[in-house]
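Structural overview for review
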Amino acid sequence: MNLSRLVQDSSVSRWDDDVDTLVLGFGCAGGCAAIEAARGGARVLVVERSSAPGGSSALSGGVIYCGGGTAIQRACGFDDSVEAMRAYLMASTGDCPNAEKIDLYCRDSVAHFDWLVSLGIPFKASYWPHNYEPTTDDCLYYSGSEECAPFNRLAKPAPRGHTVQAEGSCMGGRLLMETLVDVALREGVEVMTDANCIALVAGRDGAIVGAAVRHDGETRYIRARGGVVIATGGFVMNREMVARLAPAASRTAPLGNPFDNGSGIVLGEAAGGATANMHAAIYSCPVLNPPGLIRGILLNERGQRFVPEDVNHKRIGEHAVLRQDGRIFLLVDSEIFEQPAGVRPIVATGDTPEELEDELGWPRGSIGATLAVYNRHADEGHDPLFGKKAKFVKPLTAPPYAVFDCGIEATGVYYSFTLGGLCTAPTGEVLNAEGRAIPGLYAVGRAATGLSAQSGGSSGLQLAEGTYFGRLAGRAIAAALKSEAA
């Protein structure tokens, strides 16, 4: 145990405050935990490191992954089921997804969406017919690869990205957090900003009974009768920690707020909490923008295709970073040529595949063989090797050709955030290496392991699991307090 981040209650000479629930971090997960605990009768204090609530949740686009037949899905004419949602998530969230949490979230997804609406979070009953986040105030879209191979063969596709109704880039996350903060304050939740938890306080039996918090230059000891909830985010901003635990993400730019530094995860480890999936990260790679470029083909540095080009950009990023060493290229012909958004240098042009191969220094036949197979089937309107949807399949037969470098070193558009964290029960209790709950200690959001074990190619999963499992943790603490009082 890291004793510098864990102190014994016998060494605490005084308690400066006494609450039922102490929440560390006021993003969407911490906010929902605080709301539900307060509604259950607990006195709740949220300690926030920055000068205002919000965290990375407020910087997001406000997409929440919900399905199984939400009111918005039905209003937009889409049928969905718990079974289809579960099958997609089990297939798309890594080799060892958390089946228990996925099952629970899929069963409760409709009710959870209704709960969010009941708070006053606005969602427009409208469909956005693109595979990227709405640039309008529209709501429902395919935020993952549900329509794409191989997932469309495993489960009936349905759009599940529910975007908070707000005009402007990333305004949805801001509105989401403004609403959560307003509701929390109405429920009597207290908030201490510019405050940093530096240690947890444990009793003789190992139960967490409070925390040491630095605020206004002083260390304050706060007792938490019902428990401490770690909701401090992930660790992508701690570049030493990333290099050591998730080295592939070191090659990409961090996506988060400055306090996504792993401090809460370290606190949980000091108390005996186990961690999992610390190598895992989301890799965002929007290289096929504008979307007309999806009609081109992505190649690795051996001239081979490796993914259907119409999948979610996070899935492209995962393939690029983890399976292609960050070296990928886009081939287009003159009929679909357009300049990609951002930096995508042209590294080869030519009227024949051989000219492209020579300019790139690749073996003769590498591009030619790939292009010949693709075009032969594209002439018939389909892509049997990778299953790209027919509307994006076009023979690339109109020279001159161009090859864009879409790799990590060339573009600067690869971003990542971490997925690993403290092992928890669905109701948030932090588990030790033997799988036993540490009394009084909870973790939610990116500080905890969630639905994704490695892959996370569906936008909105993080806000979904943060809000949902935050709720469960808050309710569990309130229920335990009532049970003790009885």
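Residues numbered from 1 in each chain as written. Predicted model: local features only at pLDDT ≥ 70, side-chain atom pairs only at ≥ 80, totals over all residues. Heavy atoms only, no water.

**Some words on the pattern of salt bridges**
Using the following cut-off: For this analysis, a salt bridge means a side-chain nitrogen from Lys or Arg found within 4 Å of a carboxyl oxygen belonging to Asp or Glu. Comment: elements are numbered from the N terminus, with helices defined as DSSP H or I runs of at least four residues and strands as E runs of at least two.
Summed over the entire model, instances satisfying the criterion amount to 28 salt bridges. Of the charged contacts, one joins Asp-20 and Arg-225 as a salt bridge, the two residues approaching to 2.7 Å between their closest N and O atoms. Placement of Asp-20 in strand S2 (residues 17-24) and of Arg-225 in strand S10 (residues 218-230) is noted, with a sequence separation of 205 residues between them. Each of the salt bridges in this network shares a partner with another, and the network as a whole consists of Asp-18, Asp-20, Arg-223 and Arg-225.

**Remarks on the sheet that holds strand S15 (residues 328-332)**
The following threshold applies: Paired strands, in this sense, are two strands between which DSSP finds at least two bridges. Orientation is described by axes fitted as lines to C-alpha atoms, over the contacting stretch for helices, and by angles from 0 to 180 degrees between their N-to-C directions. The contact rule is simple, with two residues in contact once any of their heavy atoms fall within 4.5 Å.
Pairing is antiparallel across the open sheet formed by four strands, whose spatial order is S14-S15-S17-S16. At either margin of the open sheet sits one strand with a lone partner, and together these are strand S14 (297-300) and strand S16 (346-350). Across the sheet, the axes of successive neighbouring strands diverge by a mean angle of 25°, strand direction being ignored. Relative to S15, S14 runs antiparallel, the two being bridged by four bridges. Following the sheet pairing, Leu-299 is matched in S15 by Phe-329. Contacts from helix H9 (residues 353-360) reach S15, S16 and strand S17 (401-405) within the one sheet, and its direction differs from that of S16 by about 145°.

**A few points about the sheet that holds strand S4 (residues 63-65)**
The three strands lie next to each other as S4-S6-S5, forming an open sheet whose pairing is antiparallel. Whereas interior strands pair on both sides, the edge strands pair on one side only; in this sheet they are S4 and strand S5 (140-141). Note that S4 and strand S6 (residues 161-163) share three bridges and pair antiparallel. Paired with Tyr-65 across the two strands is Gly-161, which belongs to S6.

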